[in-house]
Amino acid sequence: MKVAFATDDGIRVNAHFGQSPMFAVYNVSKRGGELVELRKLPEIQYQDESGKIDSRLEAVADCTLIFIMQIGASAAAKVTRRKIMPVKVPLGSSIEEQVKRLVEMLQGKPPMWLAKILRAEEEEEADGIHG
């Protein structure tokens with residue numbers, strides 16, 4: 001699954017969803033996690049709050065989880081409507097550590113929220129194959 005991390009340095013989760021200058025996107029599975037790309041957002045002056053949220057939603061549209069420091073209520077609603085799960089982590093959390101924890105969760109017994117996401121992903125893949 002693809003996982004995005006709101007960051008300004010590509011190393012730590014240290015950005016608010018609506019202000020994040022980029023997202024580090026990783027492929028994460030039971031076998032491990034690897035950086036796919038750093039998706040930098042274009043600096044658009046005078047962009048309103050809704051525009052900021054929408055441009056960030058587009059940047060992470062293919063991701064299943066997004067790790068952030070903070071997210072506003074309206075942004076959280078838009079993110080979850082896109083079937084992306086926002087995960088709040090403490091400021092400055094290492095992306096590498098978060099990836100490692102996620103891999104460990106996938107290898108063991110994932111928590112309820114993660115198990116639900118994995119089931120939904122598997123159903124989508126099955127629908128794609130048979131549909």
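Located above this text is the structure these notes cover.
Residues numbered from 1 in each chain as written. Predicted model: local features only at pLDDT ≥ 70, side-chain atom pairs only at ≥ 80, totals over all residues. Heavy atoms only, no water.

**Q** Residue-level account of the pairing of strand E1 (residues 2–7), with values.
**A** Within E1, five of the six residues are buried, leaving the element largely enclosed by the surrounding structure. Here E1 runs beside strand E3 (residues 22–29); their pairing, made up of six bridges, is antiparallel. In the strand pairing of E3, Val 3 is matched with Tyr 26. For E1 and strand E5 (residues 65–68), the ladder comprises three bridges, and the chain directions are parallel. Bridge assignment links Ala 4 to a residue of E5, and that residue is Ile 66. (Buried < 20%, exposed > 50% of the residue type's maximum accessible area, 1.4 Å probe, protein only. Helix = DSSP H or I, 4+ residues; strand = E, 2+ residues; numbered from the N terminus. Pairing = 2+ DSSP bridges.)

**Q** Describe helix H1 (residues 49–59), naming the residues involved and giving the relevant values.
**A** Looking only at H1, the buried set comprises Gly 51, Ile 53, Arg 56, Leu 57 and Ala 59. Residues of H1 that are buried make contact with E3, strand E4 (32–40) and helix H2 (73–81). (Contact = heavy atoms within 4.5 Å.)

**Q** For the nonpolar core, give the residues involved together with the corresponding values.
**A** Ranked by size, the top nonpolar core spans 19 residues in total, and within it Ala 4, Phe 17, Phe 23, Val 60, Ile 66, Ile 71 and Val 79 carry the most contacts. Contributing elements (two or more residues each) for this core: E1, E3, H1, E5 and H2. Counting 18 residues, the second largest nonpolar core, distinct from the first, contains Val 28, Leu 65, Phe 67 and Leu 114. (Core = buried A, V, L, I, M, F, W, Y, C linked by side-chain atoms within 4.5 Å.)

**Q** How would you summarise the packing of aromatic side chains if you had to cite specific residues and measurements?
**A** Scanning all chains against the criterion turns up three aromatic pairs. When the centroid spacing of 5.5 Å and the interplanar angle of 85 degrees are considered together, the rings of Phe 5 and Tyr 26 count as edge-to-face. Here the residue Phe 5 occupies a position in strand E1, and Tyr 26 occupies one in strand E3, the gap between them amounting to 21 residues. We note that Phe 5, like Tyr 26, is buried. Following the ring pairs from residue to residue traces out a cluster consisting of Phe 5, Tyr 26 and Phe 67. (Phe/Tyr/Trp six-rings, centres within 6.5 Å; stacked < 30°, edge-to-face > 60°.)

**Q** Tell me about H2, residues and numbers included.
**A** Helical periodicity: at 3.6 residues per turn, an α-helix aligns residues three or four positions apart in one direction. All of the buried residues in H2 are Ala 75, Ala 76 and Val 79. The arc enclosing the buried residues of H2, seen along the axis, measures out at 100 degrees, which places them on a common side. More than 90 degrees from the buried face of H2, the exposed residues found are Ala 73 and Arg 81. For H2, the elements touching its buried residues are H1, E5 and strand E6 (85–88). Lys 83 lies just past H2 and shows a positive phi near 65 degrees. (Arc of directions from axis to C-beta.)

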